[in-house]
Amino acid sequence: MAPARASRAPVYTEDEIAVAWRDALAVWDMRVELSPPEPYGRSAGQTAWKEDEPLAFIDMKARQVVVNFPLLVEIGARGSLTAVLAHEIGHHARHPHTLGMAAQLELLEKRLLPGLGRSLTNLFFDLLVNEHVGRTRARELADVYRGFLVKDPTVSPMYWFYLAVYEELWGPEAGAIVPPESEAAMEARFAGCRAEARMFAQTFYALPDPYLQFVYFASVFARYIEAEADDGKKGKKKGALGPLSADVPSPDLDDYDGAIYGSPQTERAIDEAKARGWIEEGREPAAAPGPLDAIGQLTAGRPGHEQKAFRQTLVARHYKRLVDQHLIALPAISPPPDPFLPTTLAEWQPGDDPRQIDWTSTVLASGELAATRPLRRELEAEPPEEGAGGPAAVEIYLDTSGSMPNPEAALNAMTLAAQILSASAIRKKGKVRGIIYSMDAVVSEWMYDEEAARRFFLLYAGGGTRFPFPTLAKLAAEKRDVIRVVISDADFLHNLKHEKDAAASLAAGIAASKRFVALLALAPSWKAQIEAAFGDAMRAPQLRIVQVAALNDFGRVATDLAWALFG
Amino acid sequence: MTFDLNRIKLDVDAAPIEPPYALDLAIAVLADLFREARLAPPPDESWAPLLARGSQPANRPAQLAALARLIAISALRPASVAALAARPPKDPAAVFEGFLETIAPVTAELVAENPFRREEVIRRWIEALGGTIAGEAPEASRRRLEQLDYRRTLAEYEKAERSRLAEAQKRAEALRKAAAEAAEAAKGWRE
């Protein structure tokens, strides 16, 4: 019945909104790139306010504050419009300082409060914003929180404590917020909770940086969050997180991409919190996660349909960084080759470059008169070798069986080697075809785009190992003069020995290759077994076998190989 | 005599960071307040015993230094002189005695880094001089002081700390029990 709602008279006049917006901007005393507020629905075409949406938020696409004006009136907080707008401006202008920082705090939260059902970073930023807005408009903010309690009186222990902090911060002038009858029950369940709220308010806002504030926030709130989780297990209603609790824009992929590598501020804050005795026994934060673990933690809390793409993008970016650590960045324009081949002699004329004078030839030709008739000789670059150069075509056979970890969960050295080789070839204007295999093989099209190749080589099967010899034979028959690289371990030798027609397929594959390189994770002591398994193929001039003794060496070896193959 | 608390806070916030005052300097600053109000300051020999008694005497010298700095850098100084002149105390040393006792647990570090504690110290000093806050009803001032009362908060907070400690012990015990059960289960499986 949205049209009926739309047909009502506006709850605020245009002038009222304009004045409130001006006053809200004055609270922060700074210029912001936001349009004046719109009623919910007018800018985005919505007609109804969903239950779980905040009272107000910033539509980052339209760069506009959106407010549910009727709801504000319904909860009896008509006079709080300026405070609500100032709250939203505060999120845009000050807290979070950047969305990158918000992403870092999200990861820190997972270390401090593992297993948390819903993130509390928004509440944390609300505490910071409301302190500033509350300096001049505490009563208005308190009215909004009070109004929502009338609408939904369910208050979890954590939300009770959160509201008590505001009561302690704003003082009696703003009025009580928590239901008076709840005080005794909370005190009985959490002895000293009121004093704790006061202590929190008078400590939290005096801390010098947001990371330390967040660790303190988590350490104090943990007690109430745990109780809320226990209540949830007993089937008690969880309760809302308040009217302004879901209004901070979410960090984007770039923000998370920066956050997965951790930050020194985070570690410093944890150390200081330990020194101040805020970290209780049994609540010690987990160690800083590695990048892939951090991606896993961030992914876990996302909606199912988003998880895969989110995870893949971050993992791909992580591997790109690793590849770039191994490969020197190529200049955008290739410099001309250095001239070093001497050409025929000619007479040097004044004005010519004196460095072109060939004094040896001049003395031999003119003897004592050499100084009067110098001869010059120019140098030129070597012409490119006939048939050489041109874009390289590379087929990479990557073993993704269970002997190596899933590259999305932990660093997979073989995957990294494939990434380095494919990136090198594509950066040299080459093309790459990937063959991912375990028990079955997945074959890509020829890939010319580094990102597409990167994502393909992040595929993982797990399970047993069966090298796709029929695929090798088929592809070899299709295209000759391809550089073929196999990245595997001892399983490759086992397959070579036991798979049907393996030797013949390998021979065909090698014969149809410009180079055939086997990068095998094998210690030097395996040389005899390698020779036995390859048999006659060892004599093929195209074949190179590279034994990689330690998994950590795969990156370096692949880099060397890339330089040797593609320059 | 009314004190402009907002102005005092602005002055304090704008003052440059500097090391704590030496005790001699602090006493000189505080004694000058009395002289400017044409009153006799506390006798020289009264300072040492003042700083050695009370519920937390170890905090007193630094608290006195912190008060002297707050007075020296802000509008608290002229207002304090006026308040002393308007209501001369019978026993100047008693002014400090009462003041220091009300802020007994507030260390100088807290005053330096925590604006709430700073406000508490300033309000307590104003209270000790019998002053009022401009634009604030006496009842509101009393409630604000009650809210800022660090002594009371610490006393009540002890309950929370004890409760948290008990919860932490319970949690640690549960973790130990779970670990022991897991170890026992693993042992049984191997056998």
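Given the structure is predicted, the values throughout are model-derived calculations rather than measurements.

## A word on the overall build of chain B
In terms of helices and strands, chain B carries 10 helices and two strands. Scanning chain B from its N terminus toward the C terminus, one meets helices and strands in the order β-α-α-α-α-α-α-α-α-β-α-α. Here chain B has a C-alpha radius of gyration of 24 Å; the compact-globule value for 191 residues is 16 Å, and the former is much larger. Looking at chain B residue by residue over its 191 residues, the buried ones come to 43%. Looking at chain B alone, contacts between residues at least 24 apart form 78% of all its contacts between residues at least 6 apart. With an accessible surface of roughly 10,200 Å², chain B has 58% of that area assigned to carbon and sulfur atoms. Computed over 28 positive and 29 negative side-chain charges, the separation of the two mean positions in chain B equals 4 Å.

## Comments concerning the pairing of strand β9 (residues 482–488) of chain A
All names here are of chain A. With seven of seven residues buried, β9 is to be regarded as a mostly interior element. Burial along β9 is two-sided: the residues V482, R484, V486 and S488 and I483, V485 and I487 are all buried. Direction of pairing for strand β6 (residues 393–399) relative to β9: parallel, over a ladder of five bridges. By the bridge assignment for β9, L398 is matched with I487. The pairing of β9 with strand β10 (residues 513–520) spans seven bridges and is classified as parallel. Each bridged residue has a counterpart across the sheet, and for S488 the counterpart in β10 is L520.

## Details of the packing of aromatic side chains
Residue and element names in this part refer to chain A. Under the criterion given, the structure shown has 33 aromatic pairs over all chains. Judged by centre distance (4.9 Å) and plane angle (85 degrees), the rings of F467 and F492 are edge-to-face. Here the residue F467 occupies a position in the loop between α17 (450–456) and α18 (469–478), and F492 occupies one in helix α19 (residues 490–498), the gap between them amounting to 25 residues. Across the pair, exposure class does not vary: F467 and F492 are buried alike. Cation over ring: R78 sits above Y12, and NZ or CZ is 4.5 Å from the ring centre. The ring of W446 has K431 sitting right over it, with the charged end atom 4.9 Å from the ring centre.

The rules we used
Residues numbered from 1 in each chain as written. Chains lettered and ligands numbered in written order. Predicted model: local features only at pLDDT ≥ 70, side-chain atom pairs only at ≥ 80, totals over all residues. Heavy atoms only, no water. Helix = DSSP H or I, 4+ residues; strand = E, 2+ residues; numbered from the N terminus. Rg over C-alpha atoms; globule rule 2.2 N^0.38 Å. Buried < 20%, exposed > 50% of the residue type's maximum accessible area, 1.4 Å probe, protein only. Contact = heavy atoms within 4.5 Å. Areas by Shrake-Rupley, 256 points an atom, 1.4 Å probe, with all protein chains shown as cover. Lys, Arg positive; Asp, Glu negative; His and termini not counted. Charge placed at Lys NZ, Arg CZ, Asp CG, Glu CD. Pairing = 2+ DSSP bridges. Phe/Tyr/Trp six-rings, centres within 6.5 Å; stacked < 30°, edge-to-face > 60°. Lys NZ or Arg CZ within 6 Å of the ring centre and 35° of its normal.

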